[in-house]
Protein chains: 2
Amino acid sequence: MGLRDEIFEQPAVLRRLLRDGEAPVRAVAAALKKTPAQYVFLVARGTSDHAGLYGKYLWGMHEGLPTALATPSTFTLYERPPRLEGAWVIGISQSGQSPDLITVVEEAHRQGAPTVTITNDPSSPLAKAADLVIDVMAGSELAVAATKSYTAQLLSIAMLSVALSEDEERREAMQQLPEWIEETLKLDGPLGQAAQRYRYLDQCVVLGRGYNYATAFEWSLKMKELTYTMATPYSSADFRHGPIAVVAPGFPVLAVAPRGKVHDEIVELLTRLKNEHRAELVVLAQDEEALALAETPVPLPSDVPEWLTPLVAIVAAQLFTYHLTRAKGFDTEQPRGLSKVTKSR
Amino acid sequence: MGLRDEIFEQPAVLRRLLRDGEAPVRAVAAALKKTPAQYVFLVARGTSDHAGLYGKYLWGMHEGLPTALATPSTFTLYERPPRLEGAWVIGISQSGQSPDLITVVEEAHRQGAPTVTITNDPSSPLAKAADLVIDVMAGSELAVAATKSYTAQLLSIAMLSVALSEDEERREAMQQLPEWIEETLKLDGPLGQAAQRYRYLDQCVVLGRGYNYATAFEWSLKMKELTYTMATPYSSADFRHGPIAVVAPGFPVLAVAPRGKVHDEIVELLTRLKNEHRAELVVLAQDEEALALAETPVPLPSDVPEWLTPLVAIVAAQLFTYHLTRAKGFDTEQPRGLSKVTKSR
């Protein structure tokens, strides 16, 4: 089993989670509702933090709950944790082994806040530290770069939102995800070709907004971990003021621009990047208008509703990054300098 | 008046704010205390967002309040704002003109949350939208790259924390800031020399943790805005898992490593970057151990307490970036593609 297998395993992973995870996630939602919260206090690092960023938008818009990201050093190195009344505390970690996340969840539990761990290992210390556990059921993930555990975390977060709001329409829409991802995996051949053009790319930015702000972060991290290129994620709103200064002619901009509420804003920025800055654009999108702006257009399944596009877009981004890693002659299985479990203080 | 003048104006700006700002900030603190909060809901972009990140650590550790960063698109493009009961809503903006921030503060006010605007223009629309205003009194800022308004925002945030906790010891410490910054400005000559070495640098990472996580973000933004180099900020804790993969021999790492609780963790990482990865290190620090790791050591005044080091460290970073901009032959006053006021939707 390698990175490529794990990318291709995603439809099966999500199918299993939709089938076997619904009842447990509903139970977690029912337990949380007994202690209504004013906000979510989230603790996670790396890929899991990006999944949490998706949760921030979902829970904010559907459950009306703002999300505060924890600052683990204030719990560990500084030993001055904040008060957590009014919060649901949610920890996200593939392995559930990170000592600093465990410290945060333990402190939250000590303070009496309801705690939930979303993890791929329900017997891990982070799971044991929490009142409630959501098992993302991604199966053993061996590649150092996380792929299937990320989409399984995203789906768990979406399922928790749907269970909290008891929203049948959104529940129905989620059922189609495995098929949409199967359709996206058909981009494998075209992306293998397209990636060749970026053989000598050594830096880039990745733009997303709203639900896909998370995709910009996760795609950037995959680019850094696997292709060793300096990829930096931005909200299209932040990028246009300040950071856009780095864009000289030919500068590569990767972007996620699905249909929906943020489409026009990001397409306007991409148009400016193309016409005024002469940037090189790689665009994941559903409609002709956005795709036509790109040197490398990456068409996503056209009927995915915006709130679920992060689960589909990241699969295309994983394939792009996988093929670029190979084009650059790097090892997709053992990136240099990395290990699977994070052990920060 | 240009960028250089505004950098050198900072001791005078902070002296004025300490003198004339104390009574108004105390009044804001007293008003806020009438409606106790469970968390802070922060809305800001760019440099002001980095000032807010400093607030997140200060308010978290001294007032016990977690901070949730707003997602403006959920208020504007999606029109689905979260519920803000239990929050103090704080908007930060130099100009106070950004339409999306105004929308967030107006919605918070409509929901009945106490609202504060921290701004350099107390007659701006963002100030008018809030119940309470803190004027950072930085004077007119003409350079596109913000410098004195950032340190004035940091000091306003520190003064608000001190007023909320009625902490006389911290109040005393703040009074020395203008002198510490004067001492830091003496690095102008040495940094003018040191910057020459980085004439052809085109990418880098900037590391900080705890209070100086904000400094990493702000230094990175200055590097991008002025020198057009792809600078990416990281917490030293996040960087060691994943992003460290980009560090090949000679890769430039800028770091902020003052004395205090996070010192040992970041020095350990810098040691690894130097010995195992053979990175090129530029280190802002107070002690010999950290400075000795660097090709370019930047000594900060040794008696600044950790919680105030972000106000001093960023001044050294501004000087470094100013001289690098000139070494690269770029315009320090009119960076390409930028305007002063952010107008995101």
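Now for a quick tour of the structure. A quick note: this is a predicted structure, and the numbers were derived from the prediction, not measured.

## Observations concerning the interface of chain A and chain B
Thought 1: Across the boundary between the two partners, chain A contributes 73 residues, which contact 74 residues of chain B.
Thought 2: Summing the contributions of chain A and of chain B, the shared interface buries around 5700 Å²; its carbon and sulfur component is 54%.
Thought 3: Considering only the side of chain A, the residues that lose the most area to chain B are Met61(A), Tyr78(A) and Met230(A), jointly responsible for 13% of the buried surface there.
Thought 4: Between chain A and chain B we count two salt bridges in total.

## Structural notes on helix H10 (residues 177-185) of chain A
Residue and element names in this part refer to chain A.
Thought 1: Listed in full, the buried residues belonging to H10 are Leu177, Pro178, Trp180, Ile181, Thr184 and Leu185. All buried residues of H10 lie within an arc of 160° about the axis, which places them on one face of the element.
Thought 2: On its buried side, H10 packs onto helix H1 (3-8), helix H2 (10-20), helix H8 (148-165), helix H9 (168-174), helix H11 (188-194) and helix H16 (309-327).

## What about the packing of H2(A) against H8(A)?
Residue and element names in this part refer to chain A.
Thought 1: Packing of H2 against H8 leaves a shortest axis separation of 10 Å and a crossing angle of 30°. Accordingly, the angle class assigned to the pair H2 and H8 is roughly parallel. Here H2 and H8 pass one another in a crossing that is right-handed. Note on element contacts: H8 touches H2 through Lys148, Thr151, Ala152, Leu155, Ser156 and Met159, opposite Gln10, Val13, Leu14, Leu17 and Leu18.
Thought 2: Partitioning the contact of H2 with H8 into residue classes produces seven nonpolar, three polar and one charged.

## Concerning helix H14 (residues 263-275) of chain A
Residues and elements named next belong to chain A.
Thought 1: If you check H14, its first and last C-alpha atoms are 18 Å apart, about what 13 residues at 1.5 Å a residue would give, namely 18 Å.
Thought 2: Here H14 has its buried residues at His263, Glu265, Ile266, Val267, Leu269, Leu270 and Leu273.
Thought 3: Looking at the buried residues of H14, the elements they touch are strand S6 (203-208), helix H13 (236-239), strand S8 (252-257), strand S9 (280-285) and helix H15 (288-291).

## Side note on the sheet that holds strand S3 (residues 87-93) of chain A
All names here are of chain A.
Thought 1: The sheet built from five strands is open, its strands ordered S2-S1-S3-S4-S5 with parallel pairing. At either end of the open sheet lies a strand with only one pairing partner, and these are strand S2 (67-69) and strand S5 (132-135). Averaged over all neighbouring strand pairs, the angle between strand axes comes to 25°, with direction disregarded.
Thought 2: Two strands pair when backbone bridges link them, and strand S1 (residues 39-43) and S3 are joined in this way by five bridges, in the parallel orientation. Within S3, the residue paired with Leu42 across the bridge is Ile90.

Rules and cut-offs
- Sequence positions are assigned chain by chain, starting from 1 and proceeding in written order.
- Both sets of labels track the order of writing: A upward for chains, 1 upward for ligands.
- Local features in this predicted model are restricted to residues whose pLDDT is 70 or higher, and side-chain atom pairs enter the listing and the counts only when it is 80 or higher, whereas totals over whole chains, interfaces and linings include all residues.
- As a rule here, side-chain values come from all non-hydrogen atoms in the structure, and water together with hydrogens is ignored.
- In this analysis, two residues are considered to be in contact whenever any of their non-hydrogen atoms come within 4.5 Å of each other.
- Summed over both partners, buried area is the accessible surface (1.4 Å probe) that two parts give up on being assembled.
- A carboxyl oxygen of Asp or Glu within 4 Å of a side-chain nitrogen of Lys or Arg is what we treat as a salt bridge.
- Per-residue accessibility, obtained with a 1.4 Å probe over protein chains only, is compared with the maximum for each type, and a residue is labelled buried under 20%, exposed over 50%, and partly exposed between these values.
- In DSSP terms, a helix is any run of H or I states spanning at least four residues, a strand is any run of E spanning at least two, and both are numbered starting from the N terminus.
- Think of the arc as the fan of directions from the helix axis to the C-beta atoms.
- Every axis corresponds to a line fitted to the C-alpha atoms, with the helix fit spanning only the stretch in contact, and the corresponding angles, defined between N-to-C directions, vary from 0 to 180 degrees.
- For classification purposes, an angle smaller than 35 degrees is called roughly parallel, one larger than 145 roughly antiparallel, one from 65 to 115 roughly perpendicular, and anything else oblique.
- The hand of a helix crossing depends on one turn: near helix anticlockwise from the far one by less than a right angle means left-handed, and clockwise means right-handed.
- When residues are grouped by polarity, Ala, Val, Leu, Ile, Met, Phe, Trp, Tyr, Cys and Pro land in nonpolar, Asp, Glu, Lys and Arg in charged, and all others, Gly among them, in polar.
- By definition here, a helix of n residues has an expected span of 1.5 Å times n minus one.
- Following DSSP output, two strands are said to pair if at least two bridges run between them.

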